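Structural features, examined
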Amino acid sequence: MSKHIARKRFGQHFLSDSAIIDAIVRGIAPVAGEPMIEIGPGLAALTQPLVERLGHLTVIELDRDLAKRLRAHGQLSVIESDVLRVDFAQVARDMNVPRVRVVGNLPYNISTPILFHLLQYVDVIQDQHFMLQKEVIDRMVAGPSTSDYGRLSVMLQWRYAMENFLFVPPQSFDPPPRVDSAVVRMVPRAHPAPVNVGLMEEMVQVAFSQRRKLLRHTLGAWLDARGFSGQFDTQRRAEEVPVDDYVQLALALGPAQAASDQAAASQ
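In this text the structure is predicted, and so the values were computed from the model without any measurement.

When its secondary structure is counted, the chain shows 11 helices and 9 strands. Computed over its C-alpha atoms, the radius of gyration of the chain comes to 20 Å, within 12% of the 18 Å expected for a compact globule of 267 residues. Dimensions of the chain, computed from the C-alpha atoms along their principal axes, are close to 65 × 40 × 30 Å. Counting the 267 residues in the chain, one finds 49% classified as buried. Between the averaged position of the 28 positive side-chain charges in the chain and that of its 29 negative side-chain charges there is a distance of 4 Å.

Shown next as structure tokens:
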């Protein structure tokens, strides 16, 4: 079979270091029969050791040539699609399971949109293990009052417990990317606060729109426009506010709004 040439437009960098692959598989700890979905299996470096332990694996692959190769593997179900168009709740229903495990070496150019897409389906996800650009994972797991803490930190930490568990150097890939990579474990929180996600996303985006300014200039004005009369200290910068403070503010703003949004969405 001819060698597959990595496609720049798909952000393809194929994992080729067997020691790193082993460490990732140990971290994921697949068990025979578990329902698992792999995003972007590529040349199956991670796919093969996973399917050997699972018995069967569902994969999502956008590249037509790679999808064709993968279909020839008897233990794989192939969804040939852009992952941002995949309804994970429907996939779980098709697999006849309440929740799925999700893994993948995510393309660097669309890793953040993929994370936000999956946030919509978190109720059908048991856990997520992703290889990403290290600087993205640093932002995901960052604490308040650090330069990495931002919108991604707040929106993901509200919903997941996360751990950066493996560093992956550029030479582990073919072709080597120009950045360091890492692997993150994301476990959905069992009892998250019932916030209106769209509202919280807008709120956090406004808060971090001008990081160096005090929040009274950004979020304060946004809260005033919404007629908010509760307590929230806007004499802080966005990066000084812990995740739980943003969650509590979203809850104070949200329940009636969430109900009306859902009603509008269902019409």
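Among the residues of helix 8 (residues 197-207), Leu199, Met200, Met203, Val204, Val206 and Ala207 are the ones counted as buried. The buried residues of helix 8 occupy an angular sector of 160° when projected down its axis, which confines them to one face.

The strand order across the open sheet formed by 7 strands is 4-3-2-5-6-9-7, and the pairing between neighbours is mixed. Every interior strand has two partners, whereas the edge strands, strand 4 (76-80) and strand 7 (160-168), have only one. When the angles between neighbouring strand axes are averaged without regard to direction, this sheet yields 20°. Strand contacts of helix 2 (residues 47-54): strand 2 (36-39), strand 3 (57-61), strand 4 and strand 5 (100-105), with the helix running at about 155° to strand 3, the strand carrying the most contacts. In the packing of helix 6 (residues 134-141) onto the sheet, contacts are made with strand 6 (125-133), strand 7 and strand 9 (181-188), and the angle to strand 6 comes to roughly 135°.

On to helix 1 (residues 18-28). Since the α-helix packs 3.6 residues into each turn, any two residues three or four apart lie on the same face. Among all positions in helix 1, only Ile20, Ile21, Ala23, Ile24, Val25, Gly27 and Ile28 are buried. Among the residues of helix 1, the N-terminal cap falls to Asp17, whose side-chain oxygen and the backbone nitrogen of Ala19 are separated by 2.9 Å.

Next up on the list: the confidence of the model for the chain. Caution applies to low-pLDDT regions: their predicted coordinates should not be interpreted in detail. In this model, the chain carries an average pLDDT of 90, and 90% of its residues clear a pLDDT of 70 or more. Every residue in residues 1-11 scores below 50 in pLDDT, and together they form 25 contacts with partners more than four places removed in sequence or on other chains. Overall, residues 256-267 carries pLDDT values under 50, and its contacts beyond four positions in sequence, including any with other chains, amount to 5 contacts.

The next thing to look at is the pairing of strand 4. Two strands pair when backbone bridges link them, and strand 3 and strand 4 are joined in this way by 5 bridges, in the parallel orientation. Residue pairing for strand 4: Glu61 is matched across the bridge by Glu80. In this region the chain leaves strand 3, passes through helix 3 (residues 64-71) and returns to the parallel neighbour strand 4; the handedness of that crossover is right-handed.

The subject of this paragraph is the nonpolar core. Membership of the largest hydrophobic core comes to 59 residues, with the highest contact counts inside it found for Met140, Leu219 and Tyr246. Contacts of Leu219, omitting those with residues within four sequence positions, involve Met203, Val206, Ala207, Phe232, Tyr246 and Leu249. Among the nonpolar cores identified, the runner-up in size contains 26 residues, and Ile20, Leu46, Leu50 and Val183 belong to it.

Cut-offs used in this document
- Residues numbered from 1 in each chain as written.
- Predicted model: local features only at pLDDT ≥ 70, side-chain atom pairs only at ≥ 80, totals over all residues.
- Heavy atoms only, no water.
- Helix = DSSP H or I, 4+ residues; strand = E, 2+ residues; numbered from the N terminus.
- Rg over C-alpha atoms; globule rule 2.2 N^0.38 Å.
- Buried < 20%, exposed > 50% of the residue type's maximum accessible area, 1.4 Å probe, protein only.
- Lys, Arg positive; Asp, Glu negative; His and termini not counted.
- Charge placed at Lys NZ, Arg CZ, Asp CG, Glu CD.
- Arc of directions from axis to C-beta.
- Pairing = 2+ DSSP bridges.
- Axes fitted to C-alpha atoms, helices over the stretch in contact; angles between N-to-C directions.
- Contact = heavy atoms within 4.5 Å.
- Polar contact = N/O pair within 3.5 Å; in protein donor to acceptor, adjacent residues only side chain to side chain.
- pLDDT = per-residue confidence, 0-100.
- Right-handed = clockwise from strand over helix to strand, strands pointing away.
- Core = buried A, V, L, I, M, F, W, Y, C linked by side-chain atoms within 4.5 Å.

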